[in-house]
Amino acid sequence: MATEARQRTATPFYRDSRSIASILQVGFAIAVMVGLWLLYTNMMDGLRRANLLPSFAFLTQPAGFPIAESVIPYDPTMNYGQAFIVGVINTLRVAVTGIILATILGLFLGICRLSNNWLLRNAALVYVEIVRNVPLLLQLIFWFLLTKAFPRVQESINLGGLIYLHNRGLTMAWPEAHASFTEWTPWLWAGLLLGVAYYVARRIQFVRRDRPGIALPWALLLVAGTALAGFVATRLQTGDWPVVLNLPELQRFNFTGGLAVTASFAALLIGLVIYTAAFISEVVRSGIQAVNKGQREAARALGLTNGQTLRLVIFPQALRIIIPPLTSQYLNLAKNSSLAVAIAYPDLFYVGSTINNQTGQAVPVILMLMGSYLVLSLLTSLVMNWYNRRIQLVER
Amino acid sequence: MKRQMLVVLTGALAMLLTACGGQTPQAATQPPAQPTTAAPATTQGPTAAPATAATAAPSAAAGGGQAQPATGGRIQTIISRGKLICGVNASALPGFASVDSTGTYKGFDIDYCKAIAAALFNDPSKVEYRPLSAADRFTALQTGEIDVLNRNSTFTLQRDGALGLEWMPTTFYDGQGMMVRKSSNIKTLEDLNGATICVQTGTTTELNLADNFRARGLKFTPLVFQTNDEVVAAYEADQCNGFTTDKSGLVSSQTLLKNPAEHQILDVTMSKEPLGPAVAQGDQQWGDAVRWIVFATFQAEEFGITSANLGEFTSSTVPDIQRFLGLGDNKLGAGVGLSNDFVQRVIKAVGNYEEIYNRNLGPSTPFNLPRGLNTLYTKGGLLYSPPFR
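Reading the values: the criteria
Residues numbered from 1 in each chain as written. Chains lettered and ligands numbered in written order. Predicted model: local features only at pLDDT ≥ 70, side-chain atom pairs only at ≥ 80, totals over all residues. Heavy atoms only, no water. Phe/Tyr/Trp six-rings, centres within 6.5 Å; stacked < 30°, edge-to-face > 60°. Buried < 20%, exposed > 50% of the residue type's maximum accessible area, 1.4 Å probe, protein only. Helix = DSSP H or I, 4+ residues; strand = E, 2+ residues; numbered from the N terminus. Core = buried A, V, L, I, M, F, W, Y, C linked by side-chain atoms within 4.5 Å. Contact = heavy atoms within 4.5 Å. Buried area = accessible area lost by both parts, 1.4 Å probe. Salt bridge = Lys/Arg side-chain N within 4 Å of Asp/Glu carboxyl O. Polar contact = N/O pair within 3.5 Å; in protein donor to acceptor, adjacent residues only side chain to side chain. Disulfide = S-S within 2.5 Å. Domains from an automatic or database assignment. pLDDT = per-residue confidence, 0-100. Pairing = 2+ DSSP bridges. Axes fitted to C-alpha atoms, helices over the stretch in contact; angles between N-to-C directions.

(A) Highlighting the packing of aromatic side chains. All names here are of chain B. Tallied over the full model, the rule gives 31 aromatic pairs over all chains. For the ring pair Phe213 and Phe220, a centre distance of 5.0 Å and an interplane angle of 55° mean the geometry is tilted. Taken individually, Phe213 and Phe220 each receive the classification buried, so the pair is uniform in this respect. Note on Phe324 and Phe388: the rings are 4.8 Å apart at their centroids and 85° apart in plane angle, and the pair reads as edge-to-face. In this pair, Phe324 sits in helix H12 (residues 319-325) while Phe388 sits in the segment after helix H14 (353-361), placing the two residues 64 residues apart along the sequence. The pair Phe324 / Phe388 is uniform in exposure class, with both members buried.

(B) Representation of the nonpolar core. Formed by 59 residues in total, the largest nonpolar core has its most connected members in Leu84, Leu120, Trp286 and Leu325 of chain B. By residue number, the principal contributor to this core is helix H4 (residues 108-121) of chain B, which donates 10 residues. Excluding residues within four positions of it along the chain, Leu120 of chain B makes contact with Ile75, Ile78, Ile79, Leu84, Trp286, Leu338 and Arg345 of chain B. Residues Leu109, Tyr127, Ala267 and Leu268 of chain A belong to the second largest nonpolar core, which totals 56 residues.

(C) Local environment of the interface of chain B and chain A. Each side of the interface is counted separately: chain B has 57 residues, and chain A has 47 residues. Both faces considered, chain B and chain A share a buried interface measuring about 4300 Å² in area, 55% of it formed by carbon and sulfur atoms. There are 2 salt bridges connecting chain B and chain A. For the salt bridge of Asp238 of chain B with Arg168 of chain A, the shortest nitrogen-to-oxygen distance reads 4.0 Å. Counting every contact that joins chain B to chain A gives 17 residue pairs in polar contact (both at pLDDT 80 or more). When residues in the side of chain B that touches chain A are grouped by element, the largest group, 8 residues, is from helix H1 (residues 2-44) of chain B.

(D) Local environment of the pattern of salt bridges. On inspection of all chains with the given rule, the structure shows 26 salt bridges over all chains. A salt bridge links Asp238 of chain B to Arg181 of chain B; the nearest nitrogen and oxygen atoms lie 3.5 Å apart. Here Asp238 of chain B, found in the loop between helix H8 (228-236) and strand E11 (242-246), pairs with Arg181 of chain B, found in strand E8 (residues 176-181); they are 57 residues apart in sequence, far enough to count as distant. Under the relative-accessibility criterion, Asp238 of chain B is labelled buried at 8%. Assessed through its relative accessible area of 13%, Arg181 of chain B is described here as buried. Among the ionic pairs, Asp288 of chain B bridges to Arg291 of chain B, the shortest N-O distance being 2.9 Å. Here Asp288 of chain B and its partner Arg291 of chain B are both found in helix H10 (residues 284-303), 3 residues apart, which amounts to about one turn of the helix. Through salt bridges with shared partners, a single network forms among Arg113, Glu129, Arg132, Glu282 and Arg285 of chain A.

(E) Quick look at the state of the cysteines. All names here are of chain B. Applying the stated criterion across every chain, the model contains 2 disulfides over all chains. Note on cysteine connectivity: Cys86 is disulfide-linked to Cys113, with sulfurs 1.9 Å apart. Between Cys86 and Cys113, the disulfide has an S-S torsion of -65° and is therefore left-handed. Taken as a pair, Cys86 in strand E1 (residues 84-89) and Cys113 in helix H4 lie far apart in primary sequence, 27 residues in all. Take Cys86 and Cys113: they sit in the same class, and that class is buried. Each sulfur in the disulfide pair Cys198 and Cys240 lies 2.0 Å from the other. Classification of the bridge connecting Cys198 and Cys240 rests on its S-S torsion, roughly -105°, and on that basis the disulfide is left-handed. On the criterion of sequence distance, the pair formed by Cys198 in strand E9 (residues 195-200) and Cys240 in the loop between H8 and E11 is long-range, its members being 42 residues apart.

(F) Highlighting the domain arrangement of chain A. Looking at chain A, the domain boundaries give domain 1 (2-49) and domain 2 (54-147 + 263-396). Between the C-alpha centres of domain 1 of chain A and domain 2 of chain A there is a distance of 42 Å.

(G) Quick look at the confidence of the model for chain A. Of the residues in chain A, 97% have a pLDDT of 70 or more, and the chain-wide mean is 90. Within chain A, helix H1 (residues 2-7) of chain A has the poorest average pLDDT of any element, 55, and helix H4 (residues 118-131) of chain A the best, 96.

(H) A look at the sheet that holds strand E2 (residues 163-166) of chain A. Residue and element names in this part refer to chain A. Read across the open sheet, the 4 strands follow the order E1-E2-E3-E8; overall the sheet is antiparallel. Each end of this open sheet is capped by a strand with a single partner; those strands are strand E1 (157-159) and strand E8 (259-262). For this sheet the average axis-to-axis angle between neighbouring strands, irrespective of direction, equals 15°. Of the pairings in the sheet, the one linking E2 to strand E3 (residues 169-172) comprises 4 bridges and is antiparallel in character. Across the sheet, the residue bridging to Leu165 is Leu170, located in E3. On top of the sheet, helix H8 (residues 263-290) reaches E3 and E8; it is set at about 65° to E8, its chief contact.

Below you can see the structure in the form of structure tokens.
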């Protein structure tokens, strides 16, 4: 065969590496499509035989099952679609809170890992090595079992009448808007406006003088000060505080009033934050260590303080290295929240499973679940990638 | 060298492609062939076990919807596998399904798994128990992972219809109850207004709870877990004020609590809970077989036939009993794909309904559940077997 081919002047198509490449690619694509088609028809036939043809019609039927906690009003007379949305919001609730807290804790731990203080450095090391080497599910169950160790609701641990800890979670006093809140709103807007104006003006000033400075804390103080002044002024004007603390009150079985955080939510949030913070701290540490040592030395030589070096020289450069892996950690946290099903927190996956169990519509429910997590993750990536591009521009 | 590799690669790919393409027509030609292999199976009973019929069913799926009347499919699969796969409760539910200290399954639901295995193999031990949570059980049945579900599951329209399942005769007529601490001084559901209530997800009780409280204008916070074990643990830790499930389940779970005497089951029944075995829809013959195995336990009690006195009845001249036990020329079993003496096999293995009940839930057990509705129609109960003729 080889000798024949050599005698011809034109290379036959089956010996031409270009055509072979495209044949291979087309062939592979066909093989994948045929495989998928076989799987699809097989599934549809199986479902047809079992009288379970997929349909989204169930979404408008009454759900009938209760959901323990919901940010939006929900009761079992509402339909499956609304129940699903409750699940989505519950997942968002734990994911967003978790991401914020895990970032703060992770950042702190990452800096601790690089501290000159022996105790701090090694405490952070022990934390990271223990937490990231134990499966998250175990940790979640551990935190949830720990909530059982707390006293019964009737014998709650009372922290100054503001926070009550018990085996169903914690109930805490929570601010509640009163009638005079509307009188206070102009003050809030004024404070915000003042704060932003001050911040912008100061930043312009810094740039003009070509000197670093601190603007944000002062701006925040300005906002808080104006708000507080308005708070007192409203009280003097109307004789009514615009916002009061809603204190929890113990009824026969449970507390009413205040903000209730269930044991499941608390355990899930604590578990996710502690677990993800360990990974984030490693991301932060590696990011900081990746900045050239010369940068720090140069900054010190210019007379910048330790804090200024970190804030103005090291951190902006470290951030570029930190953001991409940090995005992965955020995505992990959001997806890991589906382990909530083990500790009775009604997240997206939990509600989805219940809907699947009640309606038997496994395929549509799983598609909806996958779609929801996908959208959630893609949106997170989108925001993080946008931020990543923005800070990358600084590079010279 | 590189060229040679490419040629080999294309060859391999071509083989792969023809294999893929070849499978489709092959699958498409199979459905017409299937009824012919399956048809004799119905008359020959379980002894004829063409393994091909069982394996042909999944691949026939690609061909289209003709595979609908899959007669004999499931029974053949079980026979050729050599054991019955029975879905049971993953949580300990003493009296219904639990694992004892020697690792053997015991309970009312377990005995019905054994009864089916006895009818098929004349050996009640040929069962593989598949522990399932409430949320997983129907998927396991729908996908054919288990042959039959014996997991205190309630017969409802939604499950029978939309979930693609088929319910067998009710083996236990139950109703939903509520357990509370005696010290809590709760007497009625109304007393539970504002309480936290533990319930298992994927159950009818989860839905009934919401309905009952809404109908009475009561508020409650659900605390919902995947397994009964978790529910019991949370109730024990006083994370909830009430624990609701079928009354039989409450009686059973009460024995798992540290101090059972501190708890009581309220004198309210929130729903009807007819519990029984279930199979997947689409295999009539398998459904018939399980249905008549269950009926056989009722009928045996009606005739007074027990595992102890079965021998005396095998020489009976009463036509009803001869037919029931498949004596002489009576060939009733074959009609449902079972052997003609399947009733004898069942009684020998697990006994009649009364024996099954008393062994697991009766006066000699810690539960001492009164039979209530679960007695023969002749004694004012609901157990009624259609005639074996």
